Amino acid sequence: MSTINWERYEVLTQTPGAPGFERAMRKVMRTYISEVTEEIVQDRLGGIYGVKRGTEEGPKILFAGHMDEVAFMITRITADGFLKFQPLGGWWSQVLLAQRVDVITRDGKRIPGVIGSVPPHLLSDERRNKVVDVNQMFIDIGATSEEDVKEWGIRLGDVVVPHCPFVEMEGGKRVMSKAWDNRFGCGLVLEVLEELARTDHPNTVYAGATVQEEVGLRGAGVAAEMIQPDVFLAVDSGPAGDTPGVSDGFGKIGGGVVIRIYDRSMITSPGMRDFLLDTAESEQIPYQFFVSQGGTDAGRVHQSGIGIPSAAIGICARYIHSHASIVDKEDVEAAKAFALALIKRLDQTTFKTILDR
């Protein structure tokens, strides 16, 4: 029987949270965190963390996902009521045309729209064979004029998020939704906080979520300055390399926990790598190595202060940085078991061993 709260994951993935506009997500996270701890801290950029104090004076651990999802910002409203936009986070333009979106007004209202596309009947041979740049795209919300758009409460600087419902796929093993990157991490943090409320651990854990990861790991640096942890565990979803057309990708969904050993933001230290592997193997948790050209919050935190031993763990998700991504339920279960095992083992002696290797 699954120990994962999938109904909560539906709430998390479906809540809008563009980079820099995480207020709705932060409200949801605060509600869930407050159910298991009264000690909550928040930084001035908006990252939020629950605190669980263990049985010993062990190391201080920061365990965090990130609240933001790849999204867009409205930069212009045309006279005919179309919306021009720019990306927030990393998008490949070919995944955008004809996709549904939600425009989020300043009072939180969601207005449905679609990224416009030209039917093939109207395309010249030259245009048919060219990639469309984002700066040529627009969003259609059904307005007939600029006045309509403003009357509906939309202003320049408002954000737009992908639209994709939370769907359990045929067979019951996998789930599709928007924003698995990184509402998976937010959900896992909450799962772990619940378990820590009834589990002994030899350390102090700050567990929560950062902001603005998708636009440069910005919230992670602020969190590290505020909390000053001894160890950081970033939890994130990375791209799956198990689909047709991918010849040199790492990781597959259904393959277990992801342990990053290298990405463009961090090289995992030998001591941390050995700690992760020893834990996964002794607990018989399925795992896979991961190398990526992307980065995680660990890339910012490990350079903070005098240096913070850091790791990036998580799962693979298919089609991240698009409107719809897919995760495997057993991977989420494995990630929960792995995170709990790491926290339970991270006492002062283990911390010193990580530093000495």
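Residues numbered from 1 in each chain as written. Predicted model: local features only at pLDDT ≥ 70, side-chain atom pairs only at ≥ 80, totals over all residues. Heavy atoms only, no water.

(A) Structural view of the pairing of strand E16 (residues 287-291). Residues Gln288 and Phe290 line the buried face of E16, whereas the alternating positions Tyr287, Phe289 and Val291 sit on a face that is not buried. Two strands pair when backbone bridges link them, and strand E14 (residues 257-263) and E16 are joined in this way by five bridges, in the parallel orientation. Considered in E16, the bridge of arginine 260 is made with phenylalanine 290. (Buried < 20%, exposed > 50% of the residue type's maximum accessible area, 1.4 Å probe, protein only. Helix = DSSP H or I, 4+ residues; strand = E, 2+ residues; numbered from the N terminus. Pairing = 2+ DSSP bridges.)

(B) Structural view of the packing of helix H1 (residues 6-14) against helix H5 (residues 180-196). Look at H1 against H5: their axes get within 9 Å of each other, and the N-to-C directions meet at 140°. By the angle between their axes, H1 is oblique relative to H5. Crossing handedness for the pair H1 and H5: right-handed. Touching Trp6, Arg8, Tyr9, Leu12 and Thr13 of H1 are Trp180, Arg183, Phe184, Cys186, Gly187, Leu188, Leu190, Glu191 and Glu194, all from H5. (Axes fitted to C-alpha atoms, helices over the stretch in contact; angles between N-to-C directions. Parallel < 35°, antiparallel > 145°, perpendicular 65-115°, else oblique. Left-handed = near helix turned anticlockwise from the far one by under 90°. Contact = heavy atoms within 4.5 Å.)

(C) A look at the pattern of salt bridges. Using the criterion set out here, one finds 16 salt bridges in the structure. When the shortest N-O distance is used, the salt bridge between glutamate 191 and arginine 8 registers 3.4 Å. With a gap of 183 residues between them, glutamate 191 in helix H5 and arginine 8 in helix H1 connect regions that are remote in the sequence. The residues glutamate 191 and arginine 8 share a single accessibility class, namely buried. On the basis of relative accessibility, which here comes to 1%, the residue glutamate 191 falls in the buried class. (Salt bridge = Lys/Arg side-chain N within 4 Å of Asp/Glu carboxyl O.)

(D) Broad picture of the packing of aromatic side chains. Applying the stated criterion across every chain, the model contains seven aromatic pairs. Consider the rings of tryptophan 6 and tyrosine 9, whose centres lie 5.4 Å apart with planes at 35°: the pair is tilted. Residue tryptophan 6 and its partner tyrosine 9 are both found in helix H1; the two are separated by three residues, about one turn of the helix. Aromatic pair phenylalanine 72 and tryptophan 91: ring centres 4.6 Å apart, planes at 20°, arrangement stacked. Here the residue phenylalanine 72 occupies a position in strand E4 (residues 71-77), and tryptophan 91 occupies one in the loop between strand E5 (83-88) and strand E6 (100-104), the gap between them amounting to 19 residues. Phenylalanine 72 gets classed as buried once you look at its relative accessible area, which sits at 0%. Looking at tryptophan 91, the relative accessible area reads 14%, which means it is buried. Through a chain of ring-to-ring contacts, the aromatic side chains of Trp6, Tyr9, Phe166 and Trp180 assemble into a single cluster. When the ring centre of tyrosine 32 is taken as reference, the NZ or CZ atom of arginine 8 above it lies at 5.4 Å. (Phe/Tyr/Trp six-rings, centres within 6.5 Å; stacked < 30°, edge-to-face > 60°. Lys NZ or Arg CZ within 6 Å of the ring centre and 35° of its normal.)

(E) Layout of the sheet that holds strand E18 (residues 325-328). With respect to topology, three strands assemble into an open sheet ordered E10-E11-E18, the strand pairing being antiparallel. Two strands in the sheet have a free side with no partner beyond their single neighbour: strand E10 (167-168) and E18. Looking at chain direction, strand E11 (residues 174-177) and E18 are connected through four bridges and run antiparallel. Considered in E18, the bridge of serine 177 is made with serine 325.

(F) Fine view of helix H10 (residues 348-356). All of the buried residues along H10 are Thr350, Phe351 and Ile354. Projected onto a plane normal to the axis of H10, the buried residues spread over an arc of 105° and lie on a single side. The outward face of H10, more than 90 degrees from its buried face, is lined by the exposed residues Thr349 and Asp356. In the core, the buried residues of H10 are packed alongside strand E13 (231-239), helix H7 (270-282) and helix H9 (329-345). (Arc of directions from axis to C-beta.)

(G) Local environment of the nonpolar core. Judged by nonpolar contacts, the single largest core of 56 residues is most densely connected at Tyr9, Leu12, Met29, Phe63, Phe184 and Phe338. Among the elements that make up this core, the one with the highest residue count is H5 (nine residues). When residues no more than four places from it in sequence are discounted, the contact partners of methionine 29 are Leu12, Ile48, Met67, Cys186, Leu190 and Ala209. Core analysis: the second largest hydrophobic core is formed by 20 residues, Ile77, Leu96, Ile141 and Val149 among them. (Core = buried A, V, L, I, M, F, W, Y, C linked by side-chain atoms within 4.5 Å.)

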